[in-house]
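Secondary and tertiary structure notes
Given next are the chains, with one letter for each unit.
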Amino acid sequence: MDIFLKKLDHSQPSSSSSCPSLSPTIAPEIRTSANLSHLIDELNLESLKDDPGERMPLVNYSPQIREEVRKHYIQKGPCQPSKHQFPKTKIGNKMRQFNSSWFEGPFSGWLEYSVKKDAAYCLCCYLFKHEFIHGSAGEVFTKNGFRAWNKALERLRLHAGEANSVHHKCFNKMLGLSNHHQSIQAAFDKQSEKLKSEQRMRSEASVDVAKLLLHYGLPLFHTLQHLMDAASDDSDKSINAPARDCACDAKAMAATPADMKECPNSYVLIVDMPGLKSGDIKVQVENDNVLLISGERKREEEKEGGKYIKMERRVGKFMRKFTLPENINTDAISAVCQDGILTVTFEKLLPPRLKKRKTIEVKFA
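Everything numeric in this text was worked out from a predicted model, so none of it was measured. (Residues numbered from 1 in each chain as written. Predicted model: local features only at pLDDT ≥ 70, side-chain atom pairs only at ≥ 80, totals over all residues. Heavy atoms only, no water.)

**So, the overall build of the chain**
Within the chain, the regular secondary structure consists of 10 helices and 11 strands. For the chain, buried positions account for 29% of its 365 residues. Intrachain contacts of the chain at a sequence separation of at least 6 include 56% that bridge at least 24 residues. For the chain, the exposed area adds up to about 26000 Å²; of that, 52% sits on carbon and sulfur atoms. (Helix = DSSP H or I, 4+ residues; strand = E, 2+ residues; numbered from the N terminus. Buried < 20%, exposed > 50% of the residue type's maximum accessible area, 1.4 Å probe, protein only. Contact = heavy atoms within 4.5 Å. Areas by Shrake-Rupley, 256 points an atom, 1.4 Å probe, with all protein chains shown as cover.)

**Description of the packing of aromatic side chains**
As enumerated under the stated definition, the model contains 11 aromatic pairs in all. With a centroid separation of 4.7 Å and an interplanar angle of 85°, the aromatic rings of Phe86 and Tyr113 are classed as edge-to-face. One end of the pair, Phe86, is in the loop between helix H2 (63-76) and strand E1 (89-91); the other, Tyr113, is in strand E3 (residues 111-114), with 27 residues separating them in the sequence. Considered together, Phe86 and Tyr113 belong to a single accessibility category, that of buried residues. Seen in terms of ring centroids, Trp102 and Trp149 are 6.2 Å apart; in terms of plane orientation they differ by 40°. Their pairing is tilted. With Trp102 in the loop between strand E2 (94-96) and E3 and Trp149 in the loop between helix H4 (140-144) and helix H5 (152-160), this pair connects stretches of sequence that are 47 residues apart. For the pair shown, Trp102 and Trp149 are each scored as buried. Of the aromatic side chains, those joined through ring pairs into one cluster are Phe86, Phe98, Trp102, Phe103, Tyr113, Phe141, Phe146 and Trp149. Its end group placed over the ring of Tyr126, Arg55 keeps NZ or CZ at 5.5 Å from the ring centre. A cation over an aromatic ring shows up here: Lys348 above the ring of Tyr267, its NZ or CZ 4.9 Å from the ring centre. (Phe/Tyr/Trp six-rings, centres within 6.5 Å; stacked < 30°, edge-to-face > 60°. Lys NZ or Arg CZ within 6 Å of the ring centre and 35° of its normal.)

**Some details on the sheet that holds strand E9 (residues 316-323)**
A sheet is described by the order of its strands in space; here three strands give the open sequence E7-E8-E9, paired in antiparallel fashion. Edge strands, defined here as strands with exactly one partner in the open sheet, are strand E7 (281-286) and E9. Put simply, the sheet's adjacent strands are angled 15° from each other on average, direction ignored. As defined by bridge partners, strand E8 (residues 290-297) adjoins E9 across eight bridges and the pair is classed as antiparallel. Counterpart to Ser294 in the pairing with E9 is Met319. (Pairing = 2+ DSSP bridges. Axes fitted to C-alpha atoms, helices over the stretch in contact; angles between N-to-C directions.)

**Re the nonpolar core**
If you look at the biggest cluster of nonpolar residues, it comprises 32 residues, and the most contacted ones within it are Phe98, Trp110, Leu111 and Leu127. Going through the elements one at a time, H2, E3, strand E4 (119-122), helix H3 (123-128), H5 and helix H6 (166-178) are the ones with two or more residues in this core. With six residues, the single largest contributor to this core is H3. Once you skip the residues sitting within four places of it in the chain, Trp110 turns out to touch Pro78, Tyr121, Cys122, Leu123, Cys124, Leu156, His159, Ala160, His167 and Phe171. (Core = buried A, V, L, I, M, F, W, Y, C linked by side-chain atoms within 4.5 Å.)

**Quick look at unusual backbone geometry**
Not every positive phi belongs to a glycine, and Asp118 is a case in point at roughly 50°. With respect to the helices and strands, Asp118 occurs in the loop between E3 and E4. Phi at Asp339 is positive, roughly 55°, even though this residue is not glycine.

**Focus: the pairing of E7**
Sheet topology note: the E7/E8 ladder contains six bridges and is antiparallel. Among the inter-strand pairings, Val283 is bridged to a residue of E8, identified as Ile293. Once E7 ends, the chain turns through three residues before running back antiparallel as E8, passing Asn287 with a positive phi of about 55°.

**Thoughts on the pattern of salt bridges**
If you walk through the whole model with that rule in mind, you get eight salt bridges. Between Lys116 and Glu54 there is a salt bridge, with the nearest N and O atoms lying 3.5 Å from each other. Placement of the pair is Lys116 in the loop between E3 and E4 and Glu54 in the loop between helix H1 (28-31) and H2, with a sequence separation of 62 residues. Residue classification places Lys116 among the exposed residues on the basis of a relative accessible area of 59%. Take Glu54: its relative accessible area is 37%, and that puts it in the partly exposed class. (Salt bridge = Lys/Arg side-chain N within 4 Å of Asp/Glu carboxyl O.)

**Focus: the sheet that holds strand E10 (residues 328-338)**
Here four strands make up an open sheet; going across it, the order is E5-E6-E11-E10 and the pairing antiparallel. Single-partner strands in this sheet number two, and they are strand E5 (258-262) and E10. The sheet shows a mean angle of 15° between the axes of neighbouring strands, direction not considered. With five bridges connecting them, E5 and strand E6 (residues 266-272) associate as antiparallel partners. Residue pairing in the sheet places Lys261 in a bridge with Val268 of E6.

**Remarks on the state of the cysteines**
For the coordinates displayed, the defined rule picks out zero disulfides. Cysteine Cys125 remains unbridged, with the sulfur of Cys122 as its closest cysteine sulfur at 3.5 Å. (Disulfide = S-S within 2.5 Å.)

In structure tokens:
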């Protein structure tokens, strides 16, 4: 808070003459944007002037109502009185005036004209420029007004600038706000509660899978590609398949902890598999460099005369993928499950032996 407020010196006697006002206690960075004690916090549409020369700076409105002020001006569009009799002003040796044809050119979406001040303004910069530039820099088209009609086209193009200019950023934000009914949030709000719930499930499952892949160091892009391939299925049964697969895979991988150790001639992978029988576990090698351990742990069927009153043991599918080292002999992999522990052994490839050194006789010519 020290960067926003300056501490008062309470050692001085308090009196009406010596008591400092509120504005000096506000940091200059905040005070320059607007006087916080005089911000307008109630929206009165009748007070919003159509003429850009009579408008109040947008920073004078409270942040709570600025969005509504923007929407009001965007809905009305730029102030373009094309039938107005534009007054002539002597600039140099010629009489110049604003040309209404500029409203129909490349500046039509943002160029405004103030009848009261006989000056040109920019609507999008008035609405959003203070978000990119602080202070009073470049206020010609937002506060002071442009009147150099002899260089109008040149200055208007210069004001618009390149694609990454402040003007274009403001213009894009204005377009985004004008098309708010086409935004993702608006489209989401139109959906039924069922579709909203399904979308939340997809999003939460995707986040869970990403976190889990990062936690275990699993191949993230490979899994995402698998989900994208599954999403390409057009059948009705697969509409929610990616979400279900994400959630199931996340639970499956989280329920399959493993240890890996290296021996002189091999690698050994140890995975807990309590309560599993032959046929419940599948060990596969994919693409000669990925080991896939999968299966399903089923719950015992309830016998007549008894029922579960509490269930905490993990059941369902399990799966883990491990990227194998390069020096693995994929033709010599063994897997043994004993006492609920699966042990997978990978033999290392022996380095090529050096041939016996051979001496080459050097002959002299």
